[in-house]
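Coordinate inspection notes
Chain by chain, the residues run as shown.
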Amino acid sequence: MEKILCSTGAIIGKPSADNFALLKRLSTELTCDGFEFIIEFHMYEAEYEDVEEQKRLLKELNLCIPVVHCDKMVGEYISIGGEEKTAEAYRLFEINCDFAKDIGAEKLVLHLWGGMASDGQIQNNIIAYPRLREIADRYGLDLLVENVVCNTENPMKHLCELREAYPDIHFLFDTKMAAFHEELELLYEKEYDWLWKEGHIRHYHVNDYAGGYMDWANLSALPVGTGKLDFERFFAFLRSTGYKGDITTEGVAFDEEGNVDVELLNRQFDYIRERIFEH
């Protein structure tokens, strides 16, 4: 059965004092079907040396977490390049895979490039993919490369390059990331129908966006309905493709004190459910 997932990044941030307690409470108030857990241990005042404790605390919550979002530093280190950074990226990635498998996740979302280096040396990132895929496969995880923003080219160009190099690659498509580069409309074009016809897209991040082309000041992911994206068309398109997978929402819904707007999030979940799962 398809699930609407809420990213932990939408409800937990630096203002939150006790993140796992907050996640436990919100899990009883939110009407989503589960969560996508973002690995950002620094937010939990923990280092990678404390990963087992973080895993234990999360497993005690007994939540549905079918998707884990890999630490963004993995892609950033690969983008920076060099033997030391690349080796560290693979080391962290394996820890991420072990964490995801141990909490029962089936999918692992990856920012293959990132940081200030971004896609400036994209061949570094493309070459790194097979090693990352091999590690994820060993842990029984479906590795999903996300169409993350770029500061040199654009994500759709890189998805095409990756598909050419690795015909069986799987992607996660993010609406906000695409809109940032004015590429959301490309999803509907015949030239790119291979993305869904060949089964490359295995998951969607559905986030709103209020900025313009490469508008870095407005890069934040917004809850559906609070930006300018045409979601009526988007969900009609998903229905037309017969998409039966899960959807994650990442739009930030907490204020500077860490207070979460539960009603806003639940309205968002209802809107999506009505347009894609109950249509």
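Quick summary incoming for the structure in this document. Worth saying up front: this structure is predicted, and the values here are computed from it rather than measured.

Notes on unusual backbone geometry
- At Glu182, a position not held by glycine, the phi torsion is positive, near 55°.
- Although it is not a glycine, Met214 adopts a positive phi angle of roughly 45°.
- Looking at the element boundaries, Met214 is found in the loop between strand S7 (201-205) and helix H9 (231-241).

A look at the pattern of salt bridges
- As enumerated under the stated definition, the model contains 22 salt bridges in all.
- Here Asp102 and Lys55 are joined by a salt bridge, their closest N and O atoms 3.3 Å apart. Taken together, the residues span a long stretch of sequence, with Asp102 in helix H4 (residues 83-102) and Lys55 in helix H2 (residues 51-61) at a distance of 47 residues.
- Residue Arg56 pairs with Glu60 through a salt bridge whose shortest N-O separation is 2.4 Å. In this pair, Arg56 and Glu60 are both assigned in helix H2, four residues apart and thus about one turn of the helix distant.
- Classification of Arg56 by relative accessible area gives partly exposed; the value is 38%.
- With relative accessibility at 54%, the residue Glu60 sits in the exposed group.

Here's the deal with the environment of Tyr48
- As for its placement among the helices and strands, Tyr48 is situated in the loop between strand S2 (34-38) and H2.
- Its relative accessible area of 18% is what places Tyr48 among the buried residues.

Overview of the sheet that holds strand S6 (residues 171-174)
- The eight strands are arranged S1-S2-S3-S4-S5-S6-S7-S8 in a closed barrel whose pairing can be described as parallel. Recorded for the sheet is a direction-independent mean angle of 30° between the axes of neighbouring strands.
- Pairing geometry for strand S4 (residues 107-110) and strand S5 (residues 142-146), over four bridges, is parallel. Bridged to Leu108 within S5 is Leu143.

Digging into the nonpolar core
- Of all hydrophobic cores here, the largest spans 91 residues; its most connected members are Ile11, Leu30, Phe93, Tyr204 and Phe234.
- Ranked by size, the runner-up nonpolar core spans five residues in total, among them Leu5, Val67, Leu144 and Leu172.

Some thoughts on the pairing of S6
- Here S6 shows a buried face lined by Phe171 and Phe173 and a second buried face lined by Leu172 and Asp174.
- For the segment spanning S5, helix H6 (residues 155-165) and S6, crossover handedness is right-handed.
- Inspection of the sheet shows S6 paired to S7 by four bridges, in the parallel sense. Bridging from a neighbouring strand, Leu172 pairs with His203 of S7.

The rules behind these values
- Residues numbered from 1 in each chain as written.
- Predicted model: local features only at pLDDT ≥ 70, side-chain atom pairs only at ≥ 80, totals over all residues.
- Heavy atoms only, no water.
- Helix = DSSP H or I, 4+ residues; strand = E, 2+ residues; numbered from the N terminus.
- Salt bridge = Lys/Arg side-chain N within 4 Å of Asp/Glu carboxyl O.
- Buried < 20%, exposed > 50% of the residue type's maximum accessible area, 1.4 Å probe, protein only.
- Pairing = 2+ DSSP bridges.
- Axes fitted to C-alpha atoms, helices over the stretch in contact; angles between N-to-C directions.
- Core = buried A, V, L, I, M, F, W, Y, C linked by side-chain atoms within 4.5 Å.
- Right-handed = clockwise from strand over helix to strand, strands pointing away.

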